[in-house]
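Fold and contact review
These are the residues of each chain, in order.
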Amino acid sequence: PIGRLLHAAPAEPTSEWDTNYDIPWWKNMKFCIGKLTTKVRKLKLLNMLTKQEATLEVCSEETLREIQNRYLAYNQHAA
């Protein structure tokens, strides 16, 4: 990570460092950036015109529309 770690004390002792945390950082919802998927699936896509393959890892909660939008990076004509 770039910068100082969460709840990591400085290298030198200092009286300015406060260790009174209400909630540890790993339980604080403010730092939550997403949810873990229940199942990851590998999806192999084949462009029938050019015979190029692309493998995407998709979560089971993703809709077909979301997967198609991610595939547009590999094939602009997939829409």
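The present account deals with the structure reproduced in this document. Each chain has its residues counted from 1, following the order in which its sequence is written. A pLDDT threshold of at least 70 governs which residues receive local features in this predicted model, and a stricter bar of 80 or more applies before side-chain atom pairs are shown or counted, although totals over entire chains, interfaces and linings include all residues. Hydrogen atoms and water are omitted, and side-chain values are computed over all heavy atoms in the structure.

Focus on the nonpolar core
What is meant by a nonpolar core is a set of buried Ala, Val, Leu, Ile, Met, Phe, Trp, Tyr and Cys residues, joined one to another through side-chain atoms within 4.5 Å. The classification of residues rests on relative accessible area computed with a 1.4 Å probe and restricted to protein chains. Under 20% of the type maximum is buried, over 50% is exposed, and intermediate values are partly exposed. Formed by Ala54, Leu56, Val58, Ile67 and Tyr71, the largest nonpolar core amounts to five residues. Numbering of helices and strands runs from the N terminus; a helix is a DSSP stretch of H or I covering at least four residues, while a strand is a stretch of E covering at least two. For this core, the elements supplying multiple residues, two or more each, are β2 (53-59) and α1 (64-71). It is β2 that provides the largest number of residues to this core, a total of three residues. Here a residue-residue contact requires only that any non-hydrogen atoms of the pair lie within 4.5 Å. Excluding residues that lie within four positions of it along the chain, Ala54 makes contacts with Leu43, Lys44, Leu45, Tyr71 and Tyr74.

Brief notes about the side chain of Asn47
Here Asn47 shows up in the loop between β1 (40-46) and β2. Assessed through its relative accessible area of 16%, Asn47 is described here as buried. Residues contacting Asn47, with those up to four places away along its chain left out, are Gln52, Tyr71 and Asn75.

Describing a nonpolar patch on the surface
Note that patches include only residues with greater than 30% relative accessible area and no salt bridge, and the join distances are 9 Å for like charges and 5 Å for nonpolar side chains (Val, Leu, Ile, Met, Phe, Trp, Tyr). For every accessible area listed, the method is Shrake-Rupley and the probe measures 1.4 Å; residues are considered covered only by the protein chains on display. In what follows, salt bridge is the name for a side-chain nitrogen of Lys or Arg lying within 4 Å of a carboxyl oxygen of Asp or Glu. Taken together, the side chains of Leu6, Trp25, Trp26 and Phe31 make up a nonpolar region of the molecular surface, amounting to roughly 440 Å² of accessible area. Mapped onto the fold, Trp26 is located in the segment before β1. The class for Trp26 is exposed, based on a relative accessible area of 59%.

Here we look at the pairing of β2
Two faces make up the sheet, and in a regular strand the side chains alternate between them. Because side chains alternate across β2, one face comprises the buried residues Ala54, Leu56 and Val58, and the other comprises Glu53, Thr55, Glu57 and Cys59, none of which is buried. Pairing of β1 with β2 involves seven bridges; the strand directions are antiparallel. For Leu43, the partnering residue across the bridge sits in β2 and is Leu56. Following β1, the chain reverses through six residues before pairing antiparallel with β2; Lys51 in that reversal takes a positive phi of roughly 65 degrees. Pairing between two strands requires that DSSP report at least two bridges joining them.

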